[in-house]
Amino acid sequence: MKLGCIQLKVAFGDVEKNFARVEQLIREAAAKGAEIVVLPEMWNTSYALKKLEGLADVNGERTKKFLANLSKELNIHIVGGSVATKKGDSFYNTMLTYNRQGELLGEYDKAHLFRLMDEHLYLSAGDGQNNFKLDDLDAAGVICYDIRFPEWLRLHALNGAKVLFVSAQWPTARIDHWKTLLQARAIENQCFVVAINRISGNHDNFNGQSMVIEPWGEVLWTGGADEELAIVDVDFSKVDEVRTRIPVYDDRRPELYGDVLKKK
Ligand SMILES: NC(=O)CCC(=O)C(=O)O
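Sequence positions are assigned chain by chain, starting from 1 and proceeding in written order. The predicted origin of the model limits local features to residues at a pLDDT of at least 70 and limits the giving and counting of side-chain atom pairs to 80 or more, whereas totals for whole chains, interfaces and linings rest on all residues. Side-chain numbers here rest on the full set of heavy atoms in the structure, without hydrogens or water.

(A) Local environment of the site of the ligand. When we say a residue is near a molecule or strand, we mean one of its heavy atoms is within 4 Å of it. Every residue near the ligand is listed here: Glu41, Tyr47, Lys110, Phe114, Met117, Cys144, Tyr145, Arg148, Gln169, Trp170, Pro171 and Arg174. One of the side-chain N or O atoms of Tyr47 is found 3.1 Å from a nitrogen atom in the ligand. Whenever two N or O atoms come within 3.5 Å, that pair is a polar contact, provided that in protein one can donate a hydrogen and the other can accept it, and provided that, for residues adjacent in sequence, both atoms are side-chain atoms. Interatomic distance of 2.8 Å between a side-chain N/O atom of Lys110 and an oxygen atom of the ligand. A 1.4 Å probe and the Shrake-Rupley method give the accessible areas. Residues count as covered only by the protein chains that appear here. A total of 300 Å² of accessible area belongs to the ligand in isolation, and the protein chains cover 100% of it.

(B) Region of the structure containing the sheet that holds strand β9 (residues 137-143). Taking strand neighbours across the sheet as the criterion, the 6 strands line up as β8-β9-β10-β11-β12-β13 in an open arrangement whose pairing is mixed. This sheet does not close on itself; its edge strands, each paired only once, are β8 (131-134) and β13 (219-222). Averaged over all adjacent pairs, the angle separating strand axes in this sheet is 20°, with direction ignored. Note on pairing: DSSP must find at least two bridges between two strands before they are called paired. In DSSP terms, a helix is any run of H or I states spanning at least four residues, a strand is any run of E spanning at least two, and both are numbered starting from the N terminus. Summarising the sheet, β8 and β9 pair through 4 bridges and their orientation is antiparallel. Bridging across to β9, Phe132 finds its partner in Ala139. Lines fitted to C-alpha atoms define the axes here, with helix axes fitted over just the stretch in contact, and angles between the N-to-C directions of these axes take values from 0 to 180 degrees.

(C) Spatial organisation of the packing of helix α1 (residues 15-31) against helix α3 (residues 61-74). The N-to-C vectors of α1 and α3 enclose an angle of 15°; their axes lie 11 Å apart at closest approach. Classified by the interaxial angle, the pair formed by α1 and α3 is roughly parallel. Note on packing geometry: the crossing formed by α1 with α3 is right-handed. Contacts between α1 and α3 involve Val15, Glu16, Phe19, Val22, Glu23, Ile26, Arg27 and Ala30 from the former and Arg62, Thr63, Phe66, Leu67, Leu70, Glu73 and Leu74 from the latter. Looking at side-chain class alone, the contact of α1 with α3 contains 9 nonpolar, 1 polar and 5 charged residues. For classification purposes, angles smaller than 35 degrees are called roughly parallel, those larger than 145 roughly antiparallel, those between 65 and 115 roughly perpendicular, and all remaining angles oblique. For any pair of crossing helices, the crossing counts as left-handed if the nearer helix is rotated counterclockwise from the farther one by less than a right angle, and right-handed if it is rotated clockwise. In this description, contact between two residues means that some pair of their heavy atoms is separated by no more than 4.5 Å. When residues are sorted by character, Ala, Val, Leu, Ile, Met, Phe, Trp, Tyr, Cys and Pro go into the nonpolar class, Asp, Glu, Lys and Arg into the charged class, and all the rest, Gly among them, into the polar class.

(D) View of α1. Helices are assigned an expected span. That span is 1.5 Å times one less than the residue count. Between its first and last C-alpha atoms α1 spans 24 Å; for 17 residues at 1.5 Å apiece the expected length is 24 Å, and the two agree. Classification of residues uses two cut-offs on accessible area relative to the type maximum, computed with a 1.4 Å probe and protein chains only: under 20% is buried, over 50% is exposed, and between them is partly exposed. When α1 is considered as a whole, its buried residues turn out to be Val15, Asn18, Phe19, Val22, Leu25, Ile26, Ala29 and Ala30. Relative to the axis of α1, the buried residues are bounded by an arc of 140° and lie together on one face. Along α1, the residues that are exposed and aim more than 90 degrees away from the buried face are Glu16, Lys17 and Ala31. Arc definition: it is the arc formed by the directions from the helix axis to the C-beta atoms.

(E) Geometry of the nonpolar core. Within the largest apolar cluster, 46 residues are counted, with the highest numbers of intra-cluster contacts made by Ile147, Phe165, Trp178 and Leu182. Discounting residues that sit within four places of it in the chain, Trp178 has contacts with Ile147, Val166, Ala168, Trp170, Ala195, Ile196, Asn197, Gly208, Gln209, Ser210 and Met211. Put simply, a nonpolar core is a bunch of buried Ala, Val, Leu, Ile, Met, Phe, Trp, Tyr and Cys residues held in one set by side-chain atoms that sit within 4.5 Å of each other. Within the second largest apolar cluster, 24 residues are counted, among which are Ala30, Trp43, Leu70 and Tyr98.

(F) Structural view of helix α7 (residues 238-245). Those residues of α7 not exposed but buried are Val239, Val242 and Arg243. Buried residues of α7, viewed axially, fall in a sector of 100°; they line one side. Its buried side turned inward, α7 meets α6 (175-189), β11 (192-196) and α8 (248-251).

(G) Representation of the packing of aromatic side chains. Think of it this way: a Phe, Tyr or Trp ring, Trp meaning its six-membered ring, pairs with another when their centres are within 6.5 Å, and the plane angle makes it stacked under 30 degrees, edge-to-face over 60, tilted otherwise. One pass over the full model with this rule turns up 8 aromatic pairs. Relative to Trp43, the ring of Phe19 has its centre 4.8 Å away and its plane inclined at 65°; by these criteria the two rings are edge-to-face. In this pair, Phe19 is assigned in helix α1 and Trp43 in the loop between β2 (36-38) and α2 (52-55), connecting sequence segments 24 residues apart. Per residue, the accessibility class of Phe19 equals that of Trp43, and both read buried.

(H) Geometry of the side chain of Gln209. Inspection of the secondary structure assignment puts Gln209 in the loop between β11 and β12 (211-213). Gln209 sits in the buried class, given a relative accessible area of 13%. Not counting chain neighbours up to four residues away, the residues in contact with Gln209 comprise Gln7, Ile175, Trp178, Lys179, Thr222, Gly223, Gly224 and Ala225.

(I) Just the packing of helix α5 (residues 150-158) against α6, in detail. Axis separation between α5 and α6 bottoms out at 10 Å; the angle between their running directions is 40°. Comparing the axis directions of α5 and α6 gives the class oblique. α6 is crossed by α5, and the crossing has right-handed handedness. Along its contact with α5, which presents Pro150, Leu153, Arg154 and Ala157, the element α6 presents Arg185, Glu188 and Asn189. Looking at the contact of α5 with α6 residue by residue, the class counts come to 3 nonpolar, 1 polar and 3 charged.

Here it is, written out as structure tokens:
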């Protein structure tokens, strides 16, 4: 299956510019044969958190219409990264996923808010999980800081995901953590990880390094430090092969792990 990985240069607070560029890149990805297109985190507004009142997408309506129309017209699945949304009086960091029929498969509000970027001051956290199916492919989607919570990704893998999509705005300063955590999540869950980061004009802030990793931990593609659309070919049957070779799921001892999941 061909993945269209869109490592976007997100314009701070410029919703119109971001929508226009995302549409251009999704169309380009489809023209190049992508079957699943993946976007980064908060691509409509970036972290213009102080301006969310005017900029956030109310109930995600604009983004929903946009992604539904494009996925149906182009006959592609879209893991829509995330956008800033307003629901009721609260703001969320929301991932919307569409299948090639233009149907909404998942609306996931980021579960773990990242204090270092002030998310907890402006956003509310979601409580729902985000497993979905792209044709026959069992998949799940999480957002950026979520990858520091292995139990959260494990839960999605236990619910059947063979590929974990990660949309992010992960800064250059901790890019080594990004690479290591993503590889670990792929190896421990024995699944594909497709992780799409943003870039900024200034590479000191966000330098891309999006990644596609297969279930044995081998990195199939790493993005550079500039805006980029990559088409990456993946063979999802690799998941079953790796899970047969080392039967981690059969060997788990959940009766030993109970307290790990409780907050101290
Ligand atoms: N947008 C985010 O969630 C950033 C997470 C991050 O940078 C980290 O180190 O974790």
